[in-house]
Amino acid sequence: MKTTWSMKSKMLTKGLAVLSMSALMVAILAACGDSSTPPTAEEAGKYEVTPGDPFSAYKDEISVTMGRVTTANPKLPAGDTYENNAYTRLVKDTFNAQITDQFEANGEDYSRQVSLAIASGELPDMMRVDSKDELKELVDNDLIEDLTAIYDQYATDNIKQIYDSYDGRALDNATIDGRLMGLPATSLDSAPTMVWVRQDWLDLLGIQLDADGDGAISLSEVEKTAQEFLERDPGQSGNPVGIPFVNTMNTTDYNGSAYTMLGVASTEGAFPQYWMNGDDGKIVYGSTTEETKQMLGIMAEWFKNGIIDPQFGTRTFDDITALYANGQSGIAFGPWHIPDWGLISAKQMDKNAKFSAYTLEDADGKVNVAHANPSNQFIVVRKGYEHPELAVKILNLFYDKLANDKDAATTMPEAAKYQETGVDGSTRPFNIEVNSATSLLDDYSDVVRGIKGEIGLDEVRTTESKNNIGSIKTYLSDMDTDNVTAWSKYHSRINGVGLIDKLTQENKFVWMTPAFSGTAPSMKQTWANLTKLEQESFIKIITGSEPLDYFDTFVNNWKKQGGDQVIQEIEDEIAAKQ
Amino acid sequence: MKQGKLKARGRLGPGAMYHMMMLPGILFLLIFSYIPMVGVITAFQDYVPAKGMFGSEFVGLKHFMYMFKLPDIAQVVSNTLVIAIGKILLGTMMAIIFSVLLNEIRIKYVKKSVQTIVYLPHFLSWVVLASVVVNMFSLDGIVNQMLAFFGLENINFLGSNTWFQPLIIGTDVWKEFGYSSIVYLAAITSIDPGLYEAAGMDGASWWRKVWHITLPGMLPIILLMGVMSLTNILSAGFDQIYNLYNPVVYESGDILDTYVYRIGLVGRQYSFGTAVGLFKSVIGIVLLMSANQLAKKYTDRKIF
């Protein structure tokens, strides 16, 4: 009896072991193979109430997962989240599509999430990628959907017009081997990095900046102001800090230029990180030019004298924003929209905070600017997602319908309320901008004429401008208002875009057209190292741990460690195109 | 025939049951340590996730060559070694000293509370502790305020290539010495109290007792812990450094793990990342083997 039992038990254990082993193998195999084939656009149409219609809903609720780019201060109403807010509910109501977020992240963390998603092959159904590099890699790995036919079929005329306003360059950027692989964000042609200075502090200390009133100031004026702010601590923080910069220092993306030193570079005619045409017609990397060396010389001098934050290099983006909020620093380098999401924290902490926008002029009184890449961000759809057309539909909904619907307040009350109260645009399902090439100054003209009463609200082209007019009027009637949205819209539109408009009309800009903005083959291997080399060398020079002449060593190393080869490849590529 | 088979199985019986109990452990090792080893192949390929491990193109030692050509690699390896060795030496010393001293405390609740307090940091993650450390050591942090009080110059600890390594080693020792002293305390308890009584009869001082009884008694454990920690000599603590470093201190703070993470994973150069990781493992094995041999040679004890 005992024998049988122990035998049975043995059999049982063995059986269990075999079973668990095979279950495991099945699980592993199942995880490896994914054999579902995506339905074609026509098949997907079956689920729609009106197939092929740009705004048609789905009969049965569908779900979509997303990778979301967030912002530190989105100003969402209590209870609303990135995943569940007026905008995502609008998508649910309009299309019967439920959005869930596979990941939410900000800044560098977001790039990491995207890298990890690509590495693991577990992409969300839709996400934003932030470089052509990543887009190309996704295509090489066959991870994303071809959107060519879907775009043609579903995009509204308005959306098509917007993209076409870039003479094809916007869609071109997202096109690989003749196939549209992503929906590009548009990047308006850049403007110089601005210098935002606490106007209330200037008034308090009796400093007169920009005496000639041309909107452009010199480096020495910035320097003097920073010194005054440091010595006299107008923010009464007890611990004033010089001008803070992010440790990435440069970017070729104007919109992402907050807290970079591009402004300083422009005064020397330096264009770090841009591919430029050299005097001899050869390709030159902007970070290796004599002008960039001069810029670093200025930065090093500033660091030595405390004009720059002594903790330069160690602070994160949020740390820097906190310095403005705490009243420790009052000079910020950044794009025209930085009051909307960065400097606004200063207003939230200090009712009196006001900023004036300036730009930096070179020794000849000119403002140097580089033409921007028309698009560097793309919305991509995971290969095999059943409703790829939903991406185009969401685009239609937010960048055509919501932007242009004159009756948005009644047709989409909740979303309209968001726009009115200045909830950050990042809370939309896609954190991108899709605007026509001339929209920045067109909108500005609308806003200015709207405020003056030259045109009625129904003549204003976009809902956003309409809201902005309301906000700015609020601010103009009461400059001490507690309404931070009114404050930020006045600052970004009137101070920021107003300055761009003024300088454009006065023809103050000297434009540089980059020679190249793509990726050369060998960059895949060497670029990460070269970028690190650049960042480290620049930081060493600025913080004074290496003398300025170390720059020449950097250029040498940069060339040797793969830079020369990259340049050769770019030249070949350009030659092949001609 | 049938009978014989059953009989054989019957004899294996009790042993087989115990062996079965190893199954979860073996499975765990298999799944998490051995199966992933296949991935080492990618170090010799231009790995493209879509083509998979067996479809990507083989490029031989290309990535290793590139690695040794990179001027940073020497720096990164030396940072890793300095930080890891510093942590092992100082951490072990602190833990030994602490356990010897703690053993002298006779009041039970004092002993217990001291223990609890020094164990505590071990259970907090570096994500949390990093913000504490940053706050303490930043230019306007408490440490610099103290320096200023004594009329000393302020130091930007987190942005100084001179101070970053000591800071990393110091904070790691602070976090871990309490917890790692547990084994040493256990070793002390296992020492025969008769030895102390005998030494006391011979008039040995406290110091003599520690030197001639406690420390030799702990030696096998110290050795074991030392040799075991050598496997990690090229892992100087990713979490800690990742949460504390910044581009200013890449020069002194970048270790193999953070380097691989940035260049390999964030830069999406999977093959290159794997190559560096493989390099790391090989060095780890070599070190472990030689330490084991040395231990045998000089103390006649070894762990495998």
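Residues numbered from 1 in each chain as written. Chains lettered and ligands numbered in written order. Predicted model: local features only at pLDDT ≥ 70, side-chain atom pairs only at ≥ 80, totals over all residues. Heavy atoms only, no water.

A.B. asks: Please clarify how empty space enclosed by the protein should be interpreted in this entry.
C.D. replies: Vacant regions in the atomic arrangement are exposed by a probe of water-molecule size rolled over the atoms. All names here are of chain A. Counting across every chain of the model gives 3 cavities of 30 Å³ or more. Estimated volume of the largest cavity: approximately 150 Å³. Looking at the lining of the largest cavity, the elements with two or more residues in it are α11 (262–267) and β13 (367–370). Of the pockets and cavities examined, the second largest cavity occupies roughly 80 Å³. For the second largest cavity, the lining is made up of 15 residues, of which F229, V241, Q328, S329 and G330 are closest to its centre. Per-class residue counts for the lining of the second largest cavity are 9 nonpolar, 5 polar and 1 charged. (1 Å grid on protein atoms, 1.4 Å probe; cavity = no way out; pocket = protein on both sides within 12 Å on 5 of 7 lines; lining within 4 Å. Points joined across faces, edges and corners; volume = space filled by probe spheres on them. Helix = DSSP H or I, 4+ residues; strand = E, 2+ residues; numbered from the N terminus. Nonpolar A, V, L, I, M, F, W, Y, C, P; charged D, E, K, R; others polar.)

A.B. asks: Looking at this structure, how should I read the pairing of strand β2 (residues 97–105) of chain A?
C.D. replies: Two faces, one strand: in a regular strand the side chains alternate between the faces of the sheet. Residues and elements named next belong to chain A. Note: strand β1 (residues 62–69) against β2, 8 bridges, orientation parallel. The residue of β2 that forms the bridge with S63 is Q98. Traced from β1 through helix α3 (residues 86–95) to β2, the parallel crossover comes out right-handed. (Pairing = 2+ DSSP bridges. Right-handed = clockwise from strand over helix to strand, strands pointing away.)

A.B. asks: Any chance you could explain the environment of P54 of chain A here in plain terms?
C.D. replies: All names here are of chain A. Within the secondary structure, P54 sits in the loop between α2 (41–45) and β1. C-alpha separation for the pair P54 and A391, spaced 337 residues apart in sequence, amounts to 11 Å. Non-local contacts of P54, meaning those with residues more than four positions away in its chain, are made with F95, Y154, T156, K393 and N396. (Contact = heavy atoms within 4.5 Å.)

A.B. asks: How do you make sense of the side chain of T156 of chain A when you look at a structure like this?
C.D. replies: Topologically, T156 of chain A is positioned in the loop between α6 (148–154) and α7 (157–164). Each residue touching T156 of chain A, except ones within four places of it in the same chain, is listed here: P54, F55, N396 and D400 of chain A.

A.B. asks: Just to check I follow, could you spell out the packing of aromatic side chains for this structure?
C.D. replies: One pair of aromatic rings is described through two measures. These are the centre distance and the angle between the planes. A complete count under the given rule lists 39 aromatic pairs over all chains for this structure. Between Y242 of chain B and Y245 of chain B, the aromatic rings sit 6.4 Å apart at their centres with planes inclined by 50 degrees, giving tilted as the arrangement. Here Y245 of chain B falls in the buried class, since its relative accessible area comes to 12%. Cluster of aromatic residues (ring-pair linked, three or more members): F238, Y242, Y245, Y250 and Y261 of chain B. One residue, K160 of chain A, lies across the ring of Y151 of chain A, its end atom 6.0 Å from the ring centre. It is K401 of chain A that lies over the ring of F55 of chain A; its NZ or CZ is 5.0 Å from the centre. (Phe/Tyr/Trp six-rings, centres within 6.5 Å; stacked < 30°, edge-to-face > 60°. Buried < 20%, exposed > 50% of the residue type's maximum accessible area, 1.4 Å probe, protein only. Lys NZ or Arg CZ within 6 Å of the ring centre and 35° of its normal.)

A.B. asks: Help me understand the sheet that holds strand β11 (residues 331–334) of chain A, please; the structure alone is not making it clear to me.
C.D. replies: Two pairing modes exist for strands in a sheet, parallel and antiparallel, and in both the strands are linked by backbone hydrogen bonds. All names here are of chain A. As summarised here, the arrangement of the 4 strands in space is β8-β12-β7-β11, forming an open sheet in which the pairing is mixed. Taken across any chain shown, the strands that pair with only one partner, and hence form the sheet edges, are β8 (216–217) and β11. Looking at chain direction, strand β7 (residues 194–198) and β11 are connected through 4 bridges and run antiparallel. Paired with W196 across the bridge in β11 is A332. Against the sheet, helix α10 (residues 219–232) touches β7, β8, β11 and β12 (355–360), its axis set at about 140 degrees to β11. (Axes fitted to C-alpha atoms, helices over the stretch in contact; angles between N-to-C directions.)

A.B. asks: It is not clear to me how the packing of helix α5 (residues 108–119) of chain B against helix α8 (residues 164–189) of chain B should be interpreted in this structure. Could you clarify?
C.D. replies: A pair of packed helices is captured by two measures, namely the crossing angle of their axes and the spacing between those axes. Residues and elements named next belong to chain B. One way to put it is that α5 packs onto α8 with a least axis distance of 7 Å and a crossing angle of 130 degrees. Judged by the angle between their axes, α5 and α8 are oblique. On α8, the residues that touch Q115, V118 and Y119 of α5 are F177, G178, Y179, S181, I182 and L185. Per-class residue counts for the contact of α5 with α8 are 6 nonpolar, 3 polar and no charged. (Parallel < 35°, antiparallel > 145°, perpendicular 65-115°, else oblique.)

A.B. asks: Would you mind showing me how to read the nonpolar core here?
C.D. replies: Soluble globular proteins tend to pack their nonpolar side chains together in the buried interior. Residues and elements named next belong to chain A. With 110 residues, the main nonpolar core has M126, L390 and F430 as its most contacted residues. Among the elements that make up this core, the one with the highest residue count is helix α15 (residues 389–404) (9 residues). Ignoring any residue separated from it by four or fewer positions in sequence, one finds F430 in contact with M66, M126, I379, A391, I394, L395 and Y399. In terms of nonpolar packing, the next biggest core, distinct from the first, is built from 52 residues, A226, L296, W302 and I307 among them. (Core = buried A, V, L, I, M, F, W, Y, C linked by side-chain atoms within 4.5 Å.)

A.B. asks: Looking at this structure, how should I read the interface of chain A and chain B?
C.D. replies: When the parts of a complex come together, some accessible area is lost, and that lost area is often used as the size of the interface. Across the boundary between the two partners, chain A contributes 38 residues, which contact 43 residues of chain B. Where chain A abuts chain B, roughly 3,400 Å² becomes buried across the two surfaces, and 59% of that area is made up of carbon and sulfur atoms. Connecting chain A to chain B are 3 salt bridges. On inspection of chain A and its partner chain B, the count reaches 9 residue pairs in polar contact (both at pLDDT 80 or more). Mapped onto the side of chain A that touches chain B, the elements with two or more residues apiece are α1 (2–32), α4 (107–120), α5 (132–140) and α21 (523–542) of chain A. Residue contributions to the side of chain A that touches chain B peak at 10 residues, all from α21 of chain A. When grouped by side-chain class, the residues that make up the side of chain A that touches chain B number 12 nonpolar, 14 polar and 12 charged. (Buried area = accessible area lost by both parts, 1.4 Å probe. Salt bridge = Lys/Arg side-chain N within 4 Å of Asp/Glu carboxyl O. Polar contact = N/O pair within 3.5 Å; in protein donor to acceptor, adjacent residues only side chain to side chain.)

A.B. asks: I tried to follow the pattern of salt bridges on my own but got confused; where do I start?
C.D. replies: Where charged atoms from two side chains of opposite charge come close, those side chains can pair. The final tally for this structure, using the stated rule, is 35 salt bridges over all chains. For E61 of chain A, the salt bridge identified is with K92 of chain A, shortest N-O distance 3.2 Å. On the criterion of sequence distance, the pair formed by E61 of chain A in the loop between α2 and β1 and K92 of chain A in helix α3 is long-range, its members being 31 residues apart. K92 of chain A sits in the partly exposed class, given a relative accessible area of 23%. A salt bridge links E414 of chain A to R89 of chain A; the shortest N-O distance between them is 2.6 Å. Of this pair, E414 of chain A sits in helix α17 (residues 413–421) while R89 of chain A sits in helix α3, and the two are 325 residues apart along the sequence. The class for E414 of chain A is partly exposed, based on a relative accessible area of 37%. Overall, the relative accessible area of 23% leaves R89 of chain A in the partly exposed class. Among the charged side chains, a network of salt bridges with common partners joins K532 and E536 of chain A together with D72, D254 and R262 of chain B.

A.B. asks: Explain the confidence of the model for chain A here, please?
C.D. replies: The predicted coordinates should not be examined in detail at positions where pLDDT is low. Mean pLDDT for chain A: 87, with 92% of residues reaching 70 or above. Taken together, the stretch residues 1–39 of chain A has pLDDT below 50 and engages in 17 contacts with residues farther than four places along the chain or on a different chain. (pLDDT = per-residue confidence, 0-100.)

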